[in-house]
Amino acid sequence: MSLKAGIVGLPNVGKSTLFNAITFSHVEAANYPFATINPNSGIVEINDERVDHLVKIFAPKKIVRNTFEFIDIAGLVKGASKGEGLGNQFLGNIRMCDAICHVVRCFENNDIIHVENSIDPQRDIQTINLELIFADLDTVVKRISKVETKAHTTKEKFAVSEFNLLSKIKVALENEEPARNVDLTDEEKVLVRQYNLLTMKPVIYVANVAEEDYFDPDKSQYYRAVKEVAMKEGAECIAISANIESELADLPKEEKIEYLNSLGASATGLDRLVATTYRLLNLATFFTVGTDEVRAWTFTKGMFAPQCAGLIHTDFEKGFIRAEVYSYDDIMEYRSEKAL
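Trainee: Looking at this structure, I do not really get the overall build of the protein chain. What am I missing?
Mentor: Regarding its fold elements, the protein chain presents 13 helices and nine strands. For 340 residues, the compact-globule estimate of 2.2 N^0.38 gives 20 Å, and the C-alpha radius of gyration of the protein chain, at 22 Å, lies within 12% of that figure. Seen through its principal axes, the protein chain has C-alpha atoms that stretch 65 × 60 × 35 Å. Sequence-distant contacts in the protein chain: of pairs separated by 6 or more residues, those separated by 24 or more amount to 66%. For the protein chain, the accessible surface area stands at approximately 17,800 Å², while carbon and sulfur atoms represent 50% of it. Within the protein chain, the 51 negative side-chain charges are centred at a point lying 6 Å from the centre of the 38 positive side-chain charges.

Here is the structure:
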């Protein structure tokens, strides 16, 4: 189960710089709008020290870590949902993502153009959020036009349910509220997935702060403004310096740790972004271990053992008999399955 996150934001907020750093890519990150035209995709292995410790115990022939895919689209501008700057096309590239990473500029630099000619994180956030809302409204209105007649004339049960759901979401979007704020029944939550609405996806606000604010971002008024929005929305917010992440990306592991320690940090921006996404999506990891392979698997908290077995192979779920499990902490204490 590979996670997928779409990176959005205004032009020149550091999206491509951050994308390059966390995915070790080399896409253009230029000081002008729309340096990125086609979406860029990068898949990274998730750094999980538990895998490293399990490898030392089992000495497997093969190691398979969890992965995270990031999709970097061009900066969005006002009118993106209507095609300004090819925005509508860009938005279509992230509809299949699990979450949205909204990068917000929280640094001053006269050499880097801001499309609004000033730094105002809350204004910038509102601009992007409104474009996501307008794009979803367009999707919902088009779908309503297809089911409305059937719902009113034939009274077909599924059509009625779909029409009622879409109407409820349409009201929220028209009031500039994201679809995720709509109170849905369990049945509606399943039904709404088919539309891949952008504003149904959980959001992580990534505040791209100045290097001097990296250690203590709360001293930045810009970061505090982003955090205020995140708290109101019940969203997640983390501070990252795209420039520092770029420097870290080129360092060997030992030097990377030393550099982080010198900054008063214990994890890279990528590691914190992954941890935040897991928390936001209610995910966790289980491992299958042996001399052949140590592999990490992502599952949703609350899944039962047969469902987790199905992630490995569908036949394991269909013919499930039992799962032999032990905790990571126990194997770390006893150091072998026999001793455990």
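Trainee: Looking at this model, I keep getting lost on the sheet that holds strand β7 (residues 236-240). Mind explaining?
Mentor: Backbone hydrogen bonds hold the strands of a sheet together, and the pairing may be parallel or antiparallel. Here six strands make up an open sheet; going across it, the order is β2-β4-β1-β5-β6-β7 and the pairing mixed. Each having just a single partner strand, β2 (40-45) and β7 make up the two edges of the open sheet. When the angles between neighbouring strand axes are averaged without regard to direction, this sheet yields 25°. Of the pairings in the sheet, the one linking β2 to strand β4 (residues 67-72) comprises six bridges and is antiparallel in character. By the bridge assignment, serine 41 is partnered in β4 with isoleucine 71. In this fold helix α10 (residues 269-281) packs onto β1 (3-8), β2, β4, β5 (99-106), β6 (203-209) and β7, with an angle of close to 180° to the strand it touches most, β7.

Trainee: Help me understand a nonpolar patch on the surface, please; the structure alone is not making it clear to me.
Mentor: A cluster of nonpolar side chains, namely Tyr326, Tyr334 and Leu340, defines an oily patch on the protein surface of about 270 Å² accessible area. By secondary structure assignment, the location of leucine 340 is in the segment after α13 (328-334).

Trainee: How should the sheet that holds strand β3 (residues 62-64) be read in this particular structure?
Mentor: Spatially, β3-β9-β8 is the arrangement adopted by the three strands of the open sheet, whose pairing is mixed. Here the strands that pair on one side only, and so sit at the sheet edges, are β3 and β8 (283-288). Neighbouring strand axes in the sheet, compared pairwise and without regard to direction, differ in orientation by 20° on average. Here β3 pairs with strand β9 (residues 293-300) via three bridges, running parallel. Across the sheet, isoleucine 63 pairs through a bridge with valine 294, a residue of β9. Sheet strands touched by helix α11 (residues 305-312): β8 and β9. Its angle to β9, the strand with the most contacts, is close to 125°.

Trainee: So what exactly am I meant to see when it comes to the packing of aromatic side chains here?
Mentor: Aromatic ring pairs: the centre-centre distance and the angle between the two ring planes describe each pair. Evaluated as defined, the whole model comprises three aromatic pairs. Between phenylalanine 68 and phenylalanine 70, the ring centres sit 4.5 Å apart and the planes meet at 5°, which makes this aromatic pair stacked. Since its relative accessible area comes to 0%, phenylalanine 68 is described here as buried. The exposure class assigned to phenylalanine 70 is buried, which follows from its relative accessible area of 0%. Aromatic side chains phenylalanine 286 and tryptophan 297 sit 6.2 Å apart centroid to centroid with 10° between the ring planes, which places their arrangement in the stacked category. Residue phenylalanine 286 is located in strand β8, and its partner tryptophan 297 is located in strand β9; the two are separated by eleven residues in the primary sequence. As far as the burial class goes, phenylalanine 286 and tryptophan 297 line up, both buried. One aromatic cluster in this structure is built from Phe286, Trp297 and Phe299.

Basis of the calculations
- Residues numbered from 1 in each chain as written.
- Predicted model: local features only at pLDDT ≥ 70, side-chain atom pairs only at ≥ 80, totals over all residues.
- Heavy atoms only, no water.
- Helix = DSSP H or I, 4+ residues; strand = E, 2+ residues; numbered from the N terminus.
- Rg over C-alpha atoms; globule rule 2.2 N^0.38 Å.
- Contact = heavy atoms within 4.5 Å.
- Areas by Shrake-Rupley, 256 points an atom, 1.4 Å probe, with all protein chains shown as cover.
- Lys, Arg positive; Asp, Glu negative; His and termini not counted.
- Charge placed at Lys NZ, Arg CZ, Asp CG, Glu CD.
- Pairing = 2+ DSSP bridges.
- Axes fitted to C-alpha atoms, helices over the stretch in contact; angles between N-to-C directions.
- Patch = residues over 30% accessible without salt bridge, like charges linked within 9 Å, V, L, I, M, F, W, Y side chains within 5 Å.
- Salt bridge = Lys/Arg side-chain N within 4 Å of Asp/Glu carboxyl O.
- Phe/Tyr/Trp six-rings, centres within 6.5 Å; stacked < 30°, edge-to-face > 60°.
- Buried < 20%, exposed > 50% of the residue type's maximum accessible area, 1.4 Å probe, protein only.

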